[in-house]
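The residues making up each chain are set out below.
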Amino acid sequence: MSDEPSKDRTDIPPEGGESAPDSDSDRADGDSDRPGDGSDGDGGERVPEESITEGSLVRPLFQLAWPIVVIQLLQVTYNVVDTLYLGRLSAEAVGAISLAFPLIFLLIAVAGGFTTAGAILVAQYTGADGDRSAGLVAGQTIFTVSVLSVLIGVAGYFYTRPALELLPSDPDTAATVIPLAADYMEVIFAGIPLMFGFFVFSALMRGYGDTRTPMAVMLVSVVLNVFLDPFLVFGFAENPLFAWLAGLPVAAAFDPVALESSLFAVTGFTGYGIEGAAIATIFSRGVATAIGIWLLFGTGLGPAVTVSHLVPDLGFIRDIFRLGLPSSVEQTTSALAMITLTAMVVTFSPPVVAAYGLGNRLISLVFLPAMGLGRAIDTMVGQNLGADRADRAARSVKLAAGTGAGVMFLVAVVAVAFTEPIVGAFLGDVPDAPATVSYAVEYVRVRSVEFAFIGVSQVILGAFRGAGNTKTAMVISILTLWVGRVASVGYLVFVAGWGETGVWVGMALGNILGAIIGVAWFARGTWTERYIGDPEPDVDAAVGD
């Protein structure tokens with residue numbers, strides 16, 4: 001498979017081309033004065049383009065990466081808060097959300113690739129001084145993903161229970177865990193269009209070079225989720241939040257336990273259990289989506305997108321699909337791999353299933369530094385290739401990969417040293433808690449071997465995506481998951497007879513294989529041509545930035 005990006009750009013109008021909406025020409029003269037365009041370095045939260053494509057590499061890489069790490073930390077906070085409260089509900093509830101996530105991710109992945117395409121195109125057009133085309137790409141991405149999210153939400157709502165029934169479950173797991181997972185998933189799918197809006201907003205702003213604004217929006221959403229979760233899960237009956245508050249000197253003066261009793265006497269509200277966690281997530285995501293859409297259309301932040309840019313433009317939609325389909329396939333096959341792994345894990349007892357879910361949520365925290373660097377690199381590579389700076393793009397990848405490996409090695413040391421107290425904090429005094437903690441500790445410690453490789457593989461994949469080589473990223477991800485993980489787990493568990501240890505070891509092999517393949521492929525140097533065509537000269541004269 002060739003790494004060369006497509007050179008046939010006749011279907012994509014250059015900046016200011018005939019198929020661009022008329023409103024673009026009305027905005028062209030004012031684009032350089034838009035707040036946040038980064039032209040003077042102090043107009044907004046965007047990393048100035050001159051620092052991404054010129055000067056030191058360390059500063060723009062750090063400025064892009066740290067807000068992404070915070071965004072991902074906040075993203076994980078949704079899951080951690082759910083786990084923290086549902087762990088006080090039952091171990092089965094923790095197992096249920098570990099089963100639900102891969103199936104939810106499967107359908108999210110179908111549209112997720114198109115947000116990646118939007119980020120790639122916005123980055124390259126921005127690097128090439130094509131702000132008007134960046135705005136049109138943003139509008140077309142919003143339109144495309146909005147339509148897909150509605151279709152996915154409807155399909156997911158109706159396919160949830162039949163899909164879960166196909167899993168070859170342990171009898172206890174089938175009776176206690178799977179029905180809870182179905183309850184959770186139905187709520188999530190019913191509100192999935194509200195979730196997708198923020199994903200699109202965050203990706204488009206990242207491609208533009210602004211990662212701090214999405215971070216601020218995400219913070220609002222997470223704070224709201226943290227506030228709503230305990231009340232929607234437990235209501236005012238045995239809500240652990242009130243017990244925790246009673247242990248704080250200042251809060252204890254208000255007698256939180258008595259307050260809970262009074263509120264229960266008035267309302268009789270006992271919460272919605274696992275469905276309450278899903279409702280809190282959907283509502284909080286919906287608020288983030290509303291804020292993000294307002295910022296894109298109602299302020300000067302981000303690409304110069306207007307309502308007219310939502311009118312379907314087949315040229316740009318074709319390009320979004322051309323770049324987005326490989327990313328969508330990549331994410332979909334990743335989700336299928338996770339589902340296959342989950343199908344293997346549910347053949348074990350509930351404590352192993354819960355440990356697998358708990359361990360994965362903790363390891364998702366480990367991914368944060370590597371994820372931040374990988375997503376920062378797709379913007380760095382995209383804008384530098386857009387500006388015809390392939391040499392600078394390559395240097396940025398090498399810097400990020402080395403940094404990622406070093407940081408992740410330190411994370412591995414911390415993870416091994418403090419695994420047991422960290423894992424134990426997420427389960428209360430519920431049935432099977434000791435066994436679940438024991439399995440989860442073993443799982444996290446085994447997987448710590450792969451952490452440095454995660455840092456390298458995430459950066460390399462980000463580099464390929466930023467260059468528009470989404471097919472290459474797709475192939476590497478498929479090999480990582482299906483050969484490195486699924487095949488390894490299947491062999492170690494069902495052929496070699498390693499039991500749950502085979503799951504832990506097989507999971508660790510995936511990113512090791514992915515890093516080795518990614519570095520070898522990157523070293524070929526066939527990824528360094530940008531995806532977009534050159535802007536027309538008369539457009540450069542019109543656009544002031």
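Notes on the structure in this doc start here.

What counts, and at which threshold
Residues numbered from 1 in each chain as written. Predicted model: local features only at pLDDT ≥ 70, side-chain atom pairs only at ≥ 80, totals over all residues. Heavy atoms only, no water. Helix = DSSP H or I, 4+ residues; strand = E, 2+ residues; numbered from the N terminus. Buried < 20%, exposed > 50% of the residue type's maximum accessible area, 1.4 Å probe, protein only. Contact = heavy atoms within 4.5 Å. Phe/Tyr/Trp six-rings, centres within 6.5 Å; stacked < 30°, edge-to-face > 60°. Salt bridge = Lys/Arg side-chain N within 4 Å of Asp/Glu carboxyl O. 1 Å grid on protein atoms, 1.4 Å probe; cavity = no way out; pocket = protein on both sides within 12 Å on 5 of 7 lines; lining within 4 Å. Points joined across faces, edges and corners; volume = space filled by probe spheres on them. Nonpolar A, V, L, I, M, F, W, Y, C, P; charged D, E, K, R; others polar. Core = buried A, V, L, I, M, F, W, Y, C linked by side-chain atoms within 4.5 Å. Axes fitted to C-alpha atoms, helices over the stretch in contact; angles between N-to-C directions. Parallel < 35°, antiparallel > 145°, perpendicular 65-115°, else oblique. Left-handed = near helix turned anticlockwise from the far one by under 90°. Expected span 1.5 Å × (residues − 1).

**A closer look at the overall build of the chain**
Argument step 1. Summing up its helical and strand segments, the chain has 22 helices and 0 strands in all.
Argument step 2. For the chain, the proportion of its 545 residues judged to be buried stands at 59%.
Argument step 3. A separation threshold of at least 6 residues defines the contact pool for the chain, and within that pool the share at least 24 residues apart is 84%.

**Notes on the packing of aromatic side chains**
Argument step 1. Applying the stated criterion to the full structure yields 16 aromatic pairs.
Argument step 2. Relative to Phe201, the ring of Phe198 has its centre 6.2 Å away and its plane inclined at 50°; by these criteria the two rings are tilted. Here Phe201 and Phe198 lie together in helix 8 (residues 192-208), a separation of 3 residues that amounts to about one turn.
Argument step 3. For Phe201, a relative accessible area of 1% gives the class buried.

**Considering the pattern of salt bridges**
Argument step 1. Counted according to the given criterion, the structure contains 9 salt bridges.
Argument step 2. Between Arg322 and Asp319 there is a salt bridge, with the nearest N and O atoms lying 3.4 Å from each other. Placement of both Arg322 and Asp319 in helix 14 (residues 314-345) is noted, with a separation of 3 residues, approximately one turn of the helix.
Argument step 3. Arg465 is the partner of Glu330 in a salt bridge, and the nearest nitrogen-oxygen pair spans 2.4 Å. Of this pair, Glu330 sits in helix 14 while Arg465 sits in helix 19 (residues 451-466), and the two are 135 residues apart along the sequence.

**Quick notes on empty space enclosed by the protein**
Argument step 1. Applying the stated criterion across every chain, the model contains 4 cavities of 30 Å³ or more.
Argument step 2. Lining the second largest cavity, in full, are Ile68, Ile71, Gln72, Ser202, Arg206, Asp210, Thr211, Pro214 and Arg375.
Argument step 3. If you list the elements that add at least two residues to the lining of the second largest cavity, you get helix 3 (58-89) and helix 8.
Argument step 4. Residue contributions to the lining of the second largest cavity peak at 3 residues, all from helix 3.
Argument step 5. Classifying every residue of the lining of the second largest cavity gives 3 nonpolar, 3 polar and 3 charged.

**Section: the nonpolar core**
Argument step 1. Ile104, Leu164, Tyr184, Tyr356 and Val503 are the most contacted members of the largest nonpolar core, which totals 98 residues.
Argument step 2. Each residue touching Val503, except ones within four places of it in the same chain, is listed here: Val345, Phe348, Tyr356, Val489 and Val493.
Argument step 3. One finds Leu373, Ala463, Phe464 and Ala473 within the second-largest nonpolar core, a separate group that totals 30 residues.

**Some thoughts on the packing of helix 15 (residues 350-386) against helix 21 (residues 500-522)**
Argument step 1. Running from amino to carboxyl end, helix 15 crosses helix 21 at an angle of 25°, the nearest separation of the two axes being 12 Å. Judged by the angle between their axes, helix 15 and helix 21 are roughly parallel. Between helix 15 and helix 21 lies a crossing whose hand is right-handed. Taking contact as the criterion, the partners of Val352, Tyr356, Asn360 and Phe367 in helix 15 are, on helix 21, Glu500, Val503, Trp504, Met507 and Asn511.
Argument step 2. Per-class residue counts for the contact of helix 15 with helix 21 are 6 nonpolar, 2 polar and 1 charged.

**Comments concerning helix 9 (residues 212-234)**
Argument step 1. Counted at 1.5 Å a residue, the expected span for helix 9 with its 23 residues is 33 Å, and the 34 Å between its end C-alpha atoms agrees.
Argument step 2. Gly235 lies just past helix 9 and shows a positive phi near 65°.

**Some remarks on unusual backbone geometry**
Argument step 1. The residue Glu238 is not glycine, and still its phi comes out positive at about 55°.
Argument step 2. Here Glu238 shows up in the loop between helix 9 and helix 10 (240-246).
Argument step 3. The residue Asp388 is not glycine, and still its phi comes out positive at about 60°.
Argument step 4. Within the secondary structure layout, Asp388 lies in the loop between helix 15 and helix 16 (390-417).
Argument step 5. Classification of Asp388 as exposed rests on a relative accessible area of 57%.

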